[in-house]
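# Understanding the architecture of this molecule
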Amino acid sequence: MISFPLLKQSIKANKNIWFIITVASSLMLMTIVFVTGNLNVGELRDSFSDTFVKSEIESEIRKNSINAYIEVNDTVNTIYPQASNLYDLSSATLFVYSAYVDALHPTPKEAAIAEIQSQSTPELAEFAAGVASAIIDRYEVELPSSETLLDFKVQFVTDTIVANIGQDIDENTIALIQALSTQIIELYADTNSLTTVQLQTISSTFTKELFVSKIDAETMILFEENDFDIDRINSLVSSSLIQYIALTNSGVESDDAISQISVSILSQMPSEVTDSLSEIIDLNIDHLVVGTIFYKIAGLLLPLVYVIVTANSLLAGQVDSGSMAYVLSTPTKRKVVTLTQISFLVMSLFVMYLIILLSGIIAIQLVNNPNLMITVSDITILTIGAFITMFSIAGINFLTSAWFDKSKNATGLGGGISIFFLVSTILGLLGSEVIPTAIRIDSLNFFNYFSLITLYDVISVLEGNINYLNFAILIFIGSLCFAIGHLKFNKKDLPL
Amino acid sequence: MNDIEVRRVTKDYGYKRGIFDIEFVVKQGEIFGFIGTNGSGKSTTIRHMMGFSKPDHGTISIRNLDATTQATDTKKWIGYVPGEIAFPELESGEAFIESQADFWRLKNFELTNRLIEIFQIDLRANPKKMSKGMKQKTAIIAGFMNDSDILILDEPTTGLDPLMRVKFLQVLEEEKAKGKTIFISSHLFEELEHLCDRVALIRDGHIVSIANINEIKHPQEREFKIEFMNADNYQRFLEEPFHFDRIRPDQNQVFISVDRLDIHQFIVKLSTYDVKFFIEIKYNLERFFKDTFNYQERVGIEL
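Keep in mind that this is a model prediction, so the values were computed, not measured.

Turning next to the domain arrangement of chain A. Considered domain by domain, chain A is made up of domain 1 (4-39 + 284-491) and domain 2 (46-268). Put simply, the middle of domain 1 of chain A and the middle of domain 2 of chain A, counted by C-alpha atoms, are 74 Å apart.

Here you go:
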């Protein structure tokens, strides 16, 4: 169904422009891959990410460590009066009790309880008697030596505090309270009185010890990816707490102190700016440059020129000049002419894109950069998509070439439509979602609705979900145009 | 047998342009001339014979195949030289001839080579750089190379120098001798007059008349112009029983028509007069069509 002499003629007539466009497009793609791969567009993103993400993480660590400290310090301040009272009471009871025992009093326990009760204020008398009774009971059981007496008292006070806080407290808090009570009482036993600064030191020491162990595994991985190891976190926590304590002690409100200490770069900027900066950090520049800039615009432009010129030269150009008469004056059917020319146009485009694809793959292999976000499979699907898009546009140009007898009409309409699509895509790009909001002109997105090229959705392709329906529509439009062109050329009068 | 039959073919392009009710046949072995001014409809008629355009009305058949619907089948008999010379975009005339040979699946290049020799053409040139004459010769070779039985030639001598024109007309004579049917269009009367068996004149899309060249070359009556030495002889001659077409008393001239059977008698009569000169006024194709056209104008045939 095709004429080989005609095919040969078409190849000879169009080989130069085909060759030039194929080489130019291939070199363009290779250059773009080299540039994105070697200049390392990723570095820019990484430096953004270094600056912003690390600043955010640091700020989070500071804020969280201070909040943890506040919680601990609240607990300390609650526990301290109770603990000191209980400790004093325990010491007094055991002192009185020991005195009665030494004086061989027949009932030293009751005597000691009675004395403690009598020394207390009337409101606390009953409570003091209860505590005295409890510690004497426990003393009589455990009988601590003079070396273990302190530990015994600490243990007793801690147990009492824990017993007093009630039932609805979780184990972690109980453990926290136990640990804090122990520390407070040990220190109190030494000094008989604790200053606010001493209490703050207990809280901060405690927070530091606890903070790293409370970070969950997932967060820890994120921290480590951004170079936040345990030492760095600990030192951040220490410095945050030191700053916080210093600020609050000098009269700064707690919230103000927190925001002063945990300030990040992003939190200093207006939200519009931070949004667009985050977008830039998220922007995949390889996808934008190779996918959209090359495959939807630059890489379509040259083949588009080829299609406009060649589709015209295959029919309308030859009818206009009259050279078609030589083919049709031989026993060559018109439908053989159209089928041959369609085959040539589609096959030449196919081979063109095959070579572009191979060039792209070679470039990716040569660049050999693991940070390059464009893979061989990406580029393969992108090229197939570009070929399908160009098939559709080739159909339109073939239709006008078959329809009109004058070259200028065929290229005027077919080429005009094609260029309009491309220009709409370029304008539409400036308003499309691949462009960061900072430089996007939303209203230009409107143009995307007027371009056939919009159906070639490189973003979806690169994200891995190929829109088969769009490709089917492009193939359908192309095939329909080829079919109408074929029928029209077979029926029409030729001015030869 | 008629190789080409054009029956009442009309193609109306509007504004009185087109061809209207064209009817003629070309017999096998005949050279049929088609004459008309530029824009008279010659190429349009040929376009329909080649099946490039579809007539509004009427039919054209080539050896009983419909030239429109069975165009491809008729091409196996047809060699065509188009009026507009534009070649496919190939690097040389040679490549073009080879490509055409491919289309024809031509194996025998004897005729091609002979034509190249006759026309002394260097086919290595790029078609775009060829002179008009070279292009025309290349187109003629492409049209003739398949040794087709029917040749359709649209103004084939355009651009040829006089010497080449003569050579080309000789080639046509040879082809005719081989039994080819030739349809040739031209706007030059003398070219067709010497070559053709019959000639059709087309004017404003209508066929004015079809002339049989044989009848024009050998008319029933011959026309003579005679000038006498003096008025006496002139006056005396007017008494003779001849058919006087026109007289010029002040110049002693007469124009007379003589039946070809009476020529001898006429010369004998004339020898008795003092004659300054006498010449035969040749009847030719141009005059034939002019007369036909004037007659049609006079009797008011609507064209």
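Scanning all chains against the criterion turns up three cavities of 30 Å³ or more. There is about 70 Å³ of room inside the largest cavity. Forming the boundary of the largest cavity are P5(A), K8(A), Q9(A), K12(A), L90(B), A95(B), E98(B), S99(B) and D102(B). Of all the secondary structure elements, the ones that give two or more residues to the lining of the largest cavity are α1 (4-38) of chain A together with α3 (93-104) of chain B. In terms of residue class, the lining of the largest cavity is made up of three nonpolar, two polar and four charged. In this structure, the second largest cavity occupies an estimated 50 Å³ of space. Surrounding the second largest cavity, Y326(A), S329(A), T330(A), G79(B), Y80(B), Q100(B), W104(B), A142(B) and G143(B) form its lining. At the level of elements, β6 (78-81), α3 and α5 (132-144) of chain B are the ones that each hand at least two residues to the lining of the second largest cavity. Grouping the constituent residues of the lining of the second largest cavity by class yields four nonpolar, five polar and no charged.

An α-helix turns once per 3.6 residues; consequently, residues spaced three or four apart project the same way. For α3(B), with twelve residues, the first-to-last C-alpha span of 17 Å sits near the 16 Å given by 1.5 Å per residue. Most of α3(B) sits inside the fold, with nine of its twelve residues counted as buried. What α3(B) keeps buried is the set G93(B), A95(B), F96(B), I97(B), S99(B), Q100(B), A101(B), F103(B) and W104(B). Lining the buried residues of α3(B) we find α1 and α14 (324-328) of chain A together with β6, α4 (110-119) and α5 of chain B. The first or second residue beyond α3(B) is R105(B), which carries a positive phi of 55°.

Residue and element names in this part refer to chain A. Mapped onto the elements, E58 comes out in helix α2 (residues 41-102). Here E58 falls in the partly exposed class, since its relative accessible area comes to 26%. A sequence separation of 174 residues divides E58 from R232, and the C-alpha atoms of the two residues are 9.8 Å apart. Those residues in contact with E58 that sit more than four places away from it in its chain are F228, R232 and L236.

Residues and elements named next belong to chain A. Nonpolar side chains collect at one region of the surface, where M347, F350, V351, L354, I355, L358, I362 and L366 lie side by side and expose about 690 Å² of accessible area between them. The topology assignment puts I355 in helix α15 (residues 334-367). I355 sits in the partly exposed class, given a relative accessible area of 32%.

Calculation notes
- Each chain carries its own residue numbering, running from 1 in the written order of its sequence.
- Chain labels run from A onward and ligand labels from 1 onward, assigned in the order the entries are written.
- Only residues with pLDDT of 70 or above have their local features reported here, since the model is predicted, and side-chain atom pairs are shown and tallied only from 80 upward, although totals for entire chains, interfaces and linings are computed over all residues.
- Processing note: side-chain calculations cover all non-hydrogen atoms of the structure and skip hydrogens and water entirely.
- In this entry, domain limits derive from an automatic or database-based domain assignment.
- Points on a 1 Å grid, built from protein atoms alone, make a cavity when a 1.4 Å probe fits but cannot get out and make a pocket when they are open with protein on both sides within 12 Å along at least 5 of 7 lines; residues with an atom within 4 Å of a point are the lining residues.
- Grid points are joined across faces, edges and corners, and a volume is the space filled by probe spheres set on the points.
- Helix and strand definitions here come from DSSP, where helices need a minimum of 4 consecutive H or I residues and strands a minimum of 2 consecutive E residues; each element is numbered from the N-terminal end.
- Put simply, Ala, Val, Leu, Ile, Met, Phe, Trp, Tyr, Cys and Pro go in the nonpolar bin, Asp, Glu, Lys and Arg in the charged bin, and everything else, Gly too, in the polar bin.
- Expected helix span is given by 1.5 Å per residue-to-residue step, counting one fewer step than there are residues.
- For the exposure calls, accessible area comes from a 1.4 Å probe over protein chains only, and a residue counts as buried if that area is under 20% of its type's maximum, exposed if over 50%, partly exposed in between.
- Contacts are residue-level and defined by heavy atoms, with any inter-residue pair within 4.5 Å sufficient.
- Patch building starts from residues that exceed 30% relative accessible area and form no salt bridge, then joins like charges within 9 Å and nonpolar side chains (Val, Leu, Ile, Met, Phe, Trp, Tyr) within 5 Å.
- Using the Shrake-Rupley algorithm and a 1.4 Å probe, accessible areas are obtained, with residue cover drawn only from the displayed protein chains.
- Salt bridge, as applied in this entry: a Lys or Arg side-chain nitrogen positioned within 4 Å of an Asp or Glu carboxyl oxygen.

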